[in-house]
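Understanding the architecture of this molecule
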Amino acid sequence: MTITFITGANKGLGRETARRLTGLGHTVLVGARDPEQGAAAAAALGARFVRIDVTDDASVAAAAADVAAHEGRIDVLINNAGVAGPHGDPAELTAADAFGVFDVNVFGVLRTTTAFLPLLRRSPDPVIVNVSSGMGSFALTHDPERVESTVVSPLYTASKSALTMLTTQYAKALKDIRVNAVDPGYTATDLNAHSGPQTVSEGTDAVVRLATEPPGAGTGRFVDRHGPVDW
């Protein structure tokens, strides 16, 4: 049975991913910072809750130790936790604003991946899925036909661009693990005050596909529900 750990899985895209993968037979571990929300989500989904705050080294280490003690390995790591950060005039941004966004969207992925690598390497077919965004694509944010080109969100876009590059570097370095990035698309979640036109089911199509692909499906890719995404 495939064991899948998902960060930020108590709501939105993370919860829907957990719901769908549980339905497909995965043993799903719902990672979340808030104990009450995480436990409630896991109970509703038939999953197991593991507390994790991706911005805290000790919390991430404790989560990995918890999984090591209970499941002994994971087959799929989905780095889903993310924050939007402030939008608008760059003149009003501070270094603290930037650190807050990058600490979750980039450094949090690094912390979690490093801590869970030993557990992934116990799998016969380990997979990492990083939930990035088309907002981090140079091509999409410069295409006037795309909604991504109309949004001013310096820190979120920069963090997701960094995450996509981090993904390609991991894919080159971790030859024994399939590492890919996904753009969920403009999906109605708390991150955008539910303004997105896609449902959470549509937004998780690519995540679920990457998490359920057969061995040898490919690494170092950036995809959405329709196929490859331009860098």
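Please refer to the structure placed before this passage.
All figures in this text were calculated on a predicted structure; none of them were measured in a lab.

Looking at the sheet that holds strand E4 (residues 76-79)
Read across the sheet, 8 strands follow the order E3-E2-E1-E4-E5-E6-E7-E8 without closing on themselves; strand pairing throughout is mixed. The open sheet has two free edges, formed respectively by strand E3 (48-51) and strand E8 (227-228), since each of these has just one partner strand. Bridging between strand E7 (residues 222-224) and E8 involves 2 bridges; their strand directions are antiparallel. Directly across from Asp224, in E8, lies its bridge partner Gly227. Helix-sheet contacts for helix H3 (residues 57-70) involve strand E1 (3-6), strand E2 (27-32) and E3, and the interaxial angle to E3 is about 145 degrees. Along the sheet, helix H5 (residues 107-120) makes contact with E1, E4 and strand E5 (127-131), crossing E4 at roughly 175 degrees.

Brief notes about empty space enclosed by the protein
Tallying each qualifying case throughout the model produces 1 cavity of 30 Å³ or more. Here the largest cavity is characterised by a volume of approximately 30 Å³. Taken together, Thr7, Val54, Asn79, Ala81, Val104, Gly108, Val109 and Thr112 make up the lining of the largest cavity. Per element, the largest residue contribution to the lining of the largest cavity is 3 residues, and it comes from H5.

With respect to the packing of helix H4 (residues 95-105) against helix H7 (residues 154-173)
Their axes nearest at 9 Å, the elements H4 and H7 cross at an angle of 35 degrees. For H4 against H7, the interelement crossing comes out right-handed. Across the interface between the two elements, Asp97, Ala98, Val101, Phe102 and Asn105 from H4 touch Leu155, Tyr156, Ala158, Ser159, Lys160, Ala162 and Leu163 from H7.

Looking at the pairing of E4
Of the two faces of E4, the one lined by Val76 and Ile78 and the one lined by Leu77 and Asn79 are each fully buried. In this structure, E1 lies alongside E4, joined through 3 bridges in parallel fashion. Pairing of Thr4 across the sheet is with Val76, part of E4. Where E4 meets E5, 4 bridges bridge the pair, whose relative direction is parallel. Of the residues in E5, the one forming a bridge with Ile78 is Val129.

What counts, and at which threshold
Residues numbered from 1 in each chain as written. Predicted model: local features only at pLDDT ≥ 70, side-chain atom pairs only at ≥ 80, totals over all residues. Heavy atoms only, no water. Pairing = 2+ DSSP bridges. Helix = DSSP H or I, 4+ residues; strand = E, 2+ residues; numbered from the N terminus. Contact = heavy atoms within 4.5 Å. Axes fitted to C-alpha atoms, helices over the stretch in contact; angles between N-to-C directions. 1 Å grid on protein atoms, 1.4 Å probe; cavity = no way out; pocket = protein on both sides within 12 Å on 5 of 7 lines; lining within 4 Å. Points joined across faces, edges and corners; volume = space filled by probe spheres on them. Left-handed = near helix turned anticlockwise from the far one by under 90°. Buried < 20%, exposed > 50% of the residue type's maximum accessible area, 1.4 Å probe, protein only.

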